[in-house]
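Coordinate analysis (summary)
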Amino acid sequence: MWTADEIARLCYEHYGTRLPKKGKPEPNREWTLLAAVVKVQLVADRACGGSNRPTQVTKEVVSMGTGTKCIGQSKMRKSGDILNDSHAEVIARRSFQRYLHYQLHLAAALKEDSIFVPGTQRGLWKLRPDLLFVFFSSHTPCGDASIIPMLEFEDQPCCPVSRDWANNPSVEADGNLEAPENKKKCEDLGSPVTKKMRLEPGIPDGVGHHQSFGNQESGPIPPSISGSNLTTQELATVTGMAPSGAKVVDVYRTGAKCVPGEAGDSGKPGAAYHQVGLLRVKPGRGDRTCSMSCSDKLARWNVLGCQGALLMHLLEKPIYLSAVVIGRCPYSQEAMQRALTGRCQNVSALPKGFGVQEVKIQQSGLLFEHSRCAVQAKRADGPGRLVPCGAAISWSAVPEQPLDVTANGFPQGTTKKGIRCLQASLVWKLYSVGSHTGSLNSGHPLGELGN
């Protein structure tokens, strides 16, 4: 019905033509990450004797987000007038919720076609059966899904990793925020570390996705790795040669920290550095965040749906994603499946209608023009540092104020004097809940959706 490249191309074109310059990275100096939700509609062939086999597929971007930031715990506000998590994936889902609210308003008002139809229970609505939603991200989500192997030939940070490099996903890792002690190594353009810089979508509070290669160890990895669940044979596979013949020299590191109470990473060199399958919070430099990694949030959405608690009061069933497409970047199919679905297989005692979904996961070979590696390739050895864009863009397919640009959790350009007036405006601009779904009876929406 569609291909990963078709979804990626549609999102890139939408980003280039429908989103204004405001909020986008400064050319040759900044980079960002992109995420979106694409509505796919299946059109049945009426000329085939009543057959329901779809012969036409229409695709439309209904929400989009860019961003790489996440505020630290000390900057969170009890008033709920700041967005805690501004990673692209979270913004895209937040914008998608606004789209769902608007579509429900259309259905209730009977003004025009909506994606919702009346459910079997009076007062509840459900998604039309000819529609599905595909989630796109220009990079693997931060956290567990980005824990993937690093092969010796990977001089380009966005060179896709062979999906069948090994049979065990437990040895995969990601390239995220570098530890402070490794910062100078990443900034040294002449060092071998720079050649193997890695990208990762999870950087908080003004800190970009700087990636460090860490300490490479090509020798044997100690077999006493309590949390990695690696057998001696699997360890030999990681420290030896991948099926393609390339040597696995290390793993992409993630700055996402294990949540309190979880077993921590071993910190040992090579593929044993990380434990996989754990819950993590987005990284912060000197200020721990309280926002779960995008891998964990996608896994949650795959069980509880993307609609949120407020909208669920009016829906018969959750709104699930049918597929997840990742753009060109370091990638592992096994890691994505482990992070998004594998970790949730034992979830039980869910309310009626909820369950772990068998979401389709694919990778596109198309590179996002404002990704870190794309900008790095264009600027070559240009002057100055390459930094993440400080702004985040939120776009939703709604008629009133579809676009918002934020920075540090507030609308871009906000002064300290104007912060006190933001609570009501943020609720209206980002969610438009009041006129569409009635009073807020489940707490402040930023309290539920902003994390």
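Residues numbered from 1 in each chain as written. Predicted model: local features only at pLDDT ≥ 70, side-chain atom pairs only at ≥ 80, totals over all residues. Heavy atoms only, no water.

1. Digging into the packing of helix H2 (residues 88-109) against helix H6 (residues 294-304)
The condition is simple: Here the axes come from fitting lines to C-alpha atoms, over the contacting stretch only for helices, and the angles between their N-to-C directions go from 0 to 180 degrees. A helix here means a DSSP run of H or I that spans at least four residues, while a strand means a run of E at least two residues long, and both kinds are numbered starting from the N terminus. Each angle gets one of four labels, with under 35 degrees taken as roughly parallel, over 145 as roughly antiparallel, 65 to 115 as roughly perpendicular, and the rest as oblique. Contacts were defined at the residue level, with two residues in contact if any of their heavy atoms lie within 4.5 Å.
Packing of H2 against H6 brings their axes to within 9 Å, and their N-to-C directions diverge by 30°. The orientation of H2 with respect to H6, classified from their angle, is roughly parallel. When H2 is examined against H6, the residues Glu89, Val90 and Arg93 are found in contact with a partner set consisting of Cys294, Lys297, Arg300 and Trp301.

2. Let's talk about the pairing of strand S14 (residues 360-363)
For clarity, the cut-off: Burial here depends on accessible area, computed with a 1.4 Å probe over protein chains only, as a share of the maximum for the residue type. Under 20% is buried, over 50% is exposed, and the range in between is partly exposed. Here a strand pair is declared whenever DSSP counts at least two bridges between the two strands.
Only one face of S14 is covered, namely the face carrying Ile361 and Gln363; the face carrying Lys360 and Gln362 is uncovered. Inspection of the sheet shows strand S13 (residues 323-326) paired to S14 by four bridges, in the parallel sense. Residue Ile326 lies in a different strand from S14, and its bridge partner there is Gln363.

3. Some points on the nonpolar core
The following threshold applies: Among the buried residues, those of types Ala, Val, Leu, Ile, Met, Phe, Trp, Tyr and Cys that are joined through side-chain atoms within 4.5 Å form a nonpolar core.
Formed by 64 residues in total, the largest nonpolar core has its most connected members in Met64, Phe96, Phe116, Phe133, Val134 and Phe135. Here the element with the most residues in this core is H2; it accounts for seven residues.

4. Looking at helix H8 (residues 333-340)
Of all eight residues in H8, seven are buried, a share of seventy percent or more. Looking at H8, one finds that the buried residues are Gln333, Glu334, Ala335, Met336, Arg338, Ala339 and Leu340. Against H6, S13 and S14 lie the buried residues of H8.

5. Some details on the confidence of the model for the chain
For any part of a model where pLDDT is low, the fine detail of the predicted coordinates should not be relied upon. What counts, and what does not: Values of pLDDT, the confidence the predictor places in each residue, fall between 0 and 100.
The pLDDT averaged across the chain works out to 74; a share of 66% of its residues lies at or above 70. Ranking the elements of the chain by mean pLDDT puts helix H4 (residues 192-195) last with 34 and S13 first with 98.

6. Looking at the side chain of Ser138
Looking at the element boundaries, Ser138 is found in the loop between strand S8 (131-137) and strand S9 (149-151). Excluding residues within four positions of it along the chain, Ser138 makes contact with Tyr12, Leu33, Leu34, Gly327, Arg328, Cys329 and Phe368.

7. What about the environment of Phe133?
Within the fold, Phe133 resides in strand S8. Excluding residues within four positions of it along the chain, Phe133 makes contact with Val37, Val38, Lys39, Val62, Phe96, Tyr99, Ile115, Leu127, Ile319, Leu321, Ser322 and Ala323.

8. Describing unusual backbone geometry
In the Ramachandran plot, Asn28 falls in the positive-phi region, its phi being about 60° despite a non-glycine side chain. Along the chain, Asn28 turns up in the loop between helix H1 (4-18) and strand S1 (30-31). For Gln401, which is not a glycine, the phi torsion comes out positive at approximately 45°. One can find Gln401 in the loop between strand S16 (391-396) and strand S17 (403-407). Take Gln401: its relative accessible area is 41%, and that puts it in the partly exposed class.

9. Overview of the pairing of S13
Condition: When the strands point away from the viewer, a crossover counts as right-handed if the route from the first strand across the helix to the second turns clockwise.
Burial along S13 is two-sided: the residues Ala323 and Val325 and Val324 and Ile326 are all buried. Pairing analysis gives four bridges linking S8 to S13, with the strands arranged parallel. Across the sheet, the residue bridging to Val134 is Ala323, located in S13. With respect to chirality, the unit in which S13 leads through H8 into the neighbouring parallel S14 is right-handed.

10. Considering H6
The buried fraction of H6 amounts to nine of the eleven residues, a majority that puts the element mostly inside the structure. Regarding H6, the residues found buried are Cys294, Ser295, Asp296, Lys297, Leu298, Ala299, Trp301, Asn302 and Val303. Of the residues trailing H6, Gly305 is marked for its positive phi of about 90°.

11. Things to note about the packing of aromatic side chains
Rules: Stacked, edge-to-face and tilted labels apply to pairs of Phe, Tyr and Trp rings (six-membered ring for Trp) whose centres lie within 6.5 Å, assigned for plane angles under 30 degrees, over 60, and everything in between, in that order.
Enumeration over the complete set of coordinates arrives at six aromatic pairs. Relative to Phe368, the ring of Tyr12 lies with its centre 5.6 Å away and its plane at 20°, an arrangement referred to as stacked. You can see Tyr12 sitting in helix H1 and its partner Phe368 sitting in the loop between S14 and helix H9 (372-379), a full 356 residues away along the chain. Comparing Tyr12 with Phe368, the two get one shared label, buried. Ring geometry for Tyr15 versus Phe368: centroids 5.0 Å apart, planes at 80°, classification edge-to-face. Highlighted residues: Tyr15 in helix H1 and Phe368 in the loop between S14 and H9, separated in sequence by 353 residues. Using a relative accessible area of 1% as the deciding quantity, one classes Tyr15 as buried. The exposure class assigned to Phe368 is buried, which follows from its relative accessible area of 1%. Of the aromatic side chains, those joined through ring pairs into one cluster are Tyr12, Tyr15, Phe136 and Phe368.

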